[in-house]
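Fold and geometry: a report
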Amino acid sequence: MKRSIYFITLLAFLIRLGLGVASNMLLPQIGYESKPQQAGYLFFDAYRRDSQAWDLAQSSKPLRRAFDDKFATDQYGGLLWLSAFMYRYIPLGSHQPLLVVFFGALAGAMGTIFIFLTSKQISNDRTA
C-alpha cells in the first residue's frame, strides 16, 4: 500500500479524535446551558445513549438488554451495546465518554484503508 494512504488514515484519526476531545472539553464552557452540552455532547441522543450504556455496563444485566425497546435513543441498539461492552470490559473506574470517541475515530480512520482497497479492486492504483 502507498505511504500516502497511511498518512491520510493517521490524519483522519487525529482530526476526528481532536474534534471529539475539543467538543467534549469546550462545550461545557461555550455551549448552551442544556444538560447534554454541559456534559460535552453535541446532541441529546448521543448523550442519552452514552448515559444508558454506562448504566447498563454498571448493572448486572446482560448486555443484550441494549436491544430492548427500553433503549429507544439507539435505533437498533448496536452502538449502545458496543459502548456498554467497552465500559464494562475496559476497566477505567469511571465513566469515560472519550473512550467511545477514541474507538469511533479509530474505526472511521480505518475506513479510509477499506475505501482505498475497494476502489483499487474496482479501478486502478492511480484512481484509488
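Every chain is numbered independently, its residues counted from 1 as its sequence is written. Totals for whole chains, interfaces and linings use all residues, but because this is a predicted model, local features are given only for residues with pLDDT of at least 70 and pairs of side-chain atoms are given and counted only at 80 or more. Hydrogen atoms and water are omitted, and side-chain values are computed over all heavy atoms in the structure.

Attention now moves to the nonpolar core. We call a set of buried Ala, Val, Leu, Ile, Met, Phe, Trp, Tyr and Cys residues a nonpolar core when their side-chain atoms join them within 4.5 Å. Classification of residues uses two cut-offs on accessible area relative to the type maximum, computed with a 1.4 Å probe and protein chains only: under 20% is buried, over 50% is exposed, and between them is partly exposed. Counting 12 residues, the largest nonpolar core consists of Ala53, Trp54, Leu56, Ala57, Leu63, Ala66, Leu80, Ala84, Met86, Tyr87, Leu99 and Val100. Secondary structure follows DSSP: runs of H or I at least 4 residues long count as helices, runs of E at least 2 residues long count as strands, and numbering of each begins at the N terminus. Elements with a minimum of two residues in this core: helix H3 (44-58), helix H4 (78-89) and helix H5 (97-122). Residues count as neighbours in contact if any of their non-hydrogen atoms are within 4.5 Å of one another. Excluding anything up to four places from it in sequence, Trp54 contacts Tyr87, Ser94 and His95.

Tracing the chain through its elements places Ala22 in helix H1 (residues 3-30). Ala22 sits 16 residues away from Tyr6 along the chain, and the two C-alpha atoms are 24 Å apart.

The pairing test for Phe, Tyr and Trp rings, Trp by its six-membered ring, is centres within 6.5 Å, and the orientation test on the planes gives stacked under 30 degrees, edge-to-face over 60, and tilted for anything in between. Going through the model one piece at a time under the given rule, you end up with seven aromatic pairs. Both rings, one in Tyr41 and one in Tyr47, keep their centres 5.5 Å apart while their planes meet at 65 degrees; by these two values the pair is edge-to-face. Classification of Tyr47 by relative accessible area gives buried; the value is 16%. On the numbers, 6.4 Å between centres and 50 degrees between planes, the contact of Phe44 with Tyr47 is tilted. Linking Phe44 with Tyr47, this pair stays in helix H3, spanning three residues, or about one helical turn. The exposure class assigned to Phe44 is exposed, which follows from its relative accessible area of 53%. Following the ring pairs from residue to residue traces out a cluster consisting of Phe13, Phe102 and Phe103.

Right, let's talk about the packing of H1 against H5 for a bit. Helix axes use the C-alpha atoms of the stretch in contact, all axes being lines fitted to C-alpha atoms, and the angles between their N-to-C directions lie in the range 0 to 180 degrees. Where H1 meets H5, the axes come as close as 8 Å, and the angle between the chain directions of the two elements is 155 degrees. In terms of orientation, H1 and H5 fall into the roughly antiparallel class. Considering only the axes of H1 and H5, their crossing is right-handed. We call Asp, Glu, Lys and Arg charged. Ala, Val, Leu, Ile, Met, Phe, Trp, Tyr, Cys and Pro are nonpolar, and the rest, Gly among them, are polar. Broken down by class, the residue content of the contact of H1 with H5 amounts to 16 nonpolar, six polar and one charged. Oblique is the label for any angle not under 35 degrees, not over 145, and not in the 65 to 115 range, which are roughly parallel, roughly antiparallel and roughly perpendicular in turn. For any pair of crossing helices, the crossing counts as left-handed if the nearer helix is rotated counterclockwise from the farther one by less than a right angle, and right-handed if it is rotated clockwise.

Where H4 contacts H5, the two axes come as close as 10 Å, and the packing angle between them is 120 degrees. Taken as axis vectors, H4 and H5 run oblique relative to one another. Crossing of H4 against H5: the hand is right-handed. On the side of H4, the interface is formed by Ser83, Met86 and Tyr87, while H5 contributes Pro97, Leu99, Val100 and Phe103.

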